[in-house]
Amino acid sequence: MSTILEGLYYAESHEYVKVEGEFGYVGITDYAQHELGNVVYVDMPDVDDEVTAGEDFGAVESVKAASDLISPVSGTVVEVNEALNDNPELVNSDPYANWIIKVQLSDPSEVENLMDAEAYKTAIGE
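All values derive from a computational prediction rather than experimental measurement.

**A word on the sheet that holds strand E2 (residues 15-20)**
Here's step 1: In spatial order, the strands read E1-E2-E3-E9-E8-E5; together these 6 strands make up an open sheet with antiparallel pairing. Two strands bound the open sheet, and with one partner strand each, they are strand E1 (9-10) and strand E5 (50-51).
Here's step 2: Pairing of E2 with strand E3 (residues 23-28), which is carried by 6 bridges, proceeds in the antiparallel orientation. Paired with Lys18 across the two strands is Tyr25, which belongs to E3.

Dropping the structure here:
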């Protein structure tokens, strides 16, 4: 059974966003990291890149597969999780503590299009 945290917003593509003020921390869910297996590489955008809700912003590669990362929100990347460059497996150990990008949200209301924890549990059959 996957860990699904209350208070986060979830996309059908298995990314989450944790909103803090005008910023959102985006990563992959516990369910996604379980499905991928051991993560060996995380392709991240550059700081100051724009991301758009519903569009690719990078990829996660594991021993089993590669998967595009789809942004759940739109905005400007203000920080990337540099620790993942040398230790991509951190995504496996705690995907919620090891977010991938921090975004300055251009439209905070976009989170209304995402799922809450209960809806995400239903979506993944838990």
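So that's the structure; there's more coming.
**With respect to the nonpolar core**
The nonpolar side chains of a soluble globular protein tend to be buried with one another.
Here's step 1: Core analysis: the largest hydrophobic core is formed by 24 residues, its most contacted members being Ile28, Ile100 and Ile101.
Here's step 2: When residues of this core are traced back to their parent elements, those giving at least two are E3, helix H1 (30-36), strand E4 (39-43), strand E6 (56-62), strand E8 (75-80) and strand E9 (101-105).
Here's step 3: The element contributing the most residues to this core is E9, with 3 residues.
Here's step 4: Not counting chain neighbours up to four residues away, the residues in contact with Ile100 comprise Val26, Gly27, Ile28, Val42, Met44, Phe57, Val60, Leu69, Val80, Asn81 and Leu84.

**Section: a nonpolar patch on the surface**
Here's step 1: Among the surface-exposed residues, Val40, Tyr41 and Val63 lie close enough to one another that they form a single nonpolar patch of about 300 Å² accessible area.
Here's step 2: Mapped onto the fold, Tyr41 is located in strand E4.

**Topic: the packing of aromatic side chains**
How two aromatic rings sit relative to each other is set out by the distance from centre to centre and by the angle between their planes.
Here's step 1: In this structure the tally under the stated criterion is 3 aromatic pairs.
Here's step 2: Here Tyr25 and Trp99 contribute two aromatic rings whose centre-to-centre distance is 5.2 Å and whose plane-to-plane angle is 65°, an arrangement assigned as edge-to-face. In this pair, Tyr25 is assigned in strand E3 and Trp99 in the loop between helix H3 (90-93) and E9, connecting sequence segments 74 residues apart.
Here's step 3: For Trp99, a relative accessible area of 16% puts it in the buried group.
Here's step 4: In this structure, Lys102 packs its charged tip against the face of Phe23, placed 4.5 Å from the ring centre.

What counts, and at which threshold
Sequence order as written defines the numbering, with residues in each chain counted from 1. Where local features are concerned, this predicted model is filtered to residues with pLDDT of at least 70; where side-chain atom pairs are given and counted, the filter is 80 or more; whole-chain, interface and lining totals use all residues. To obtain the side-chain values, all non-hydrogen atoms of the structure were included, while hydrogens and water were left out. A pair of strands is considered paired only if DSSP assigns at least 2 bridges between the two. Strands here mean DSSP runs of E at least two residues long; helices mean DSSP runs of H or I at least four residues long; both are numbered from the N terminus. Within this scheme, the nonpolar core is defined by two criteria: the residues are buried Ala, Val, Leu, Ile, Met, Phe, Trp, Tyr or Cys, and they are joined through side-chain atoms within 4.5 Å. When a residue's accessible area, from a 1.4 Å probe over protein chains only, is under 20% of the maximum for its type it is buried; when over 50% it is exposed; and in between it is partly exposed. The contact criterion used throughout is that any non-hydrogen atoms of two residues lie within 4.5 Å. Patch membership requires more than 30% relative accessible area and the absence of a salt bridge. Residues of like charge join within 9 Å; the nonpolar side chains Val, Leu, Ile, Met, Phe, Trp and Tyr join within 5 Å. Shrake-Rupley sampling with a 1.4 Å probe provides the accessible areas, and residues are treated as covered by the protein chains on show and by no other component. In what follows, salt bridge is the name for a side-chain nitrogen of Lys or Arg lying within 4 Å of a carboxyl oxygen of Asp or Glu. Stacked, tilted and edge-to-face are the three classes assigned to paired rings of Phe, Tyr and Trp, where Trp is represented by its six-membered ring and a pair needs centres within 6.5 Å; plane angles under 30 degrees give stacked, over 60 edge-to-face, the rest tilted. Only Lys NZ and Arg CZ are tested; either one counts as a charge over a ring when it is within 6 Å of the ring centre and within 35 degrees of the ring normal.

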